[in-house]
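# Descriptive analysis of the structure
Okay, here's what each chain looks like letter by letter:
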Amino acid sequence: MDNVIRLLNDKRKMSKNGALLFLDMSSAYDNIVRKKVYKFIEKNNILTKNELKLLKFIHSNIKIQVGNKRCKTTRGAPQGLSTSPLFWNIYLNSLIEKLEKNNFLVFAYADD
């Protein structure tokens, strides 16, 4: 947080505008469309083919239980899985890039 305050103060000293935006998206991880993230990962060579295959395998075997009924999930990134924050940042990448192209300094953090 100190770095953010320092950056805003520096902008003010240079007579430039600065702004902070905090987004708290309800059930953010639950709403990720996995196929979009998989395509982005593949297109940008973020993971090897085998690593991506393993990630898809992990996601395809996630099950939720409500009462006595169990079902597989087809979207979202599970809370507690170590890759979920990165998965969320990849999902938001296009928004982050648009903001950066318009001279916004972006700090992305996922904590669902």
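Before any of the text, the structure's been laid out above.
Presented here is an overview of the structure given in this document. From a predicted model like this one, the values you see are computed outputs, not experimental measurements. (Residues numbered from 1 in each chain as written. Predicted model: local features only at pLDDT ≥ 70, side-chain atom pairs only at ≥ 80, totals over all residues. Heavy atoms only, no water.)

### Topic: the overall build of the protein chain
Along the backbone of the protein chain there are five helices and two strands. The N-to-C order of helical and strand elements in the protein chain reads α-α-α-β-β-α-α. Burial statistics for the protein chain: of 112 residues in total, 21% are counted as buried. A separation threshold of at least 6 residues defines the contact pool for the protein chain, and within that pool the share at least 24 residues apart is 55%. Summed over all atoms, the accessible surface of the protein chain reaches about 9200 Å², with 53% contributed by carbon and sulfur. (Helix = DSSP H or I, 4+ residues; strand = E, 2+ residues; numbered from the N terminus. Buried < 20%, exposed > 50% of the residue type's maximum accessible area, 1.4 Å probe, protein only. Contact = heavy atoms within 4.5 Å. Areas by Shrake-Rupley, 256 points an atom, 1.4 Å probe, with all protein chains shown as cover.)

### Brief notes about the packing of helix α2 (residues 34–43) against helix α3 (residues 49–60)
At a closest axis distance of 11 Å, the pairing of α2 and α3 adopts a crossing angle of 170°. The angle between α2 and α3 falls in the class roughly antiparallel. Of the residues in α3, those in contact with R34, Y38, I41 and E42 of α2 are L52, L55, K56, H59 and S60. Among the residues forming the contact of α2 with α3, the class breakdown is four nonpolar, two polar and three charged. (Axes fitted to C-alpha atoms, helices over the stretch in contact; angles between N-to-C directions. Parallel < 35°, antiparallel > 145°, perpendicular 65-115°, else oblique. Nonpolar A, V, L, I, M, F, W, Y, C, P; charged D, E, K, R; others polar.)

### Let's talk about α3
Taking 1.5 Å per residue as the helical rise, α3 with its 12 residues ought to reach 16 Å, and the 16 Å between its terminal C-alpha atoms agrees with that figure. Those residues of α3 that fall on the buried side of the exposure criterion are L52, L55 and H59. Each buried residue of α3 lies within a common arc of 60° when the element is viewed along its axis, so the set occupies one face. With respect to the buried face of α3, the exposed residues turned more than 90 degrees away are K49, N50, K53, L54 and F57. (Expected span 1.5 Å × (residues − 1). Arc of directions from axis to C-beta.)

### Brief notes about helix α4 (residues 84–91)
For an α-helix the count is 3.6 residues per turn, leaving residues at separations of three or four pointing the same way. Those residues of α4 lying buried are S84, F87, W88 and I90. Down the axis of α4, the smallest arc covering the buried residues is 160°, so these residues share one side. In this fold, the buried residues of α4 make contact with α2, α3 and α5 (93–101).

### Here's the deal with unusual backbone geometry
Non-glycine residue N45 carries a positive phi angle of around 50°. You can see N45 is positioned in the loop between α2 and α3.

### Here we look at the packing of aromatic side chains
For the coordinates displayed, the defined rule picks out two aromatic pairs. Between the aromatic rings of Y38 and F87, the centroid separation amounts to 5.9 Å while the plane-to-plane angle is 65°, which identifies the pairing as edge-to-face. Highlighted residues: Y38 in helix α2 and F87 in helix α4, separated in sequence by 49 residues. With relative accessibility at 11%, the residue Y38 sits in the buried group. With relative accessibility at 3%, the residue F87 sits in the buried group. (Phe/Tyr/Trp six-rings, centres within 6.5 Å; stacked < 30°, edge-to-face > 60°.)

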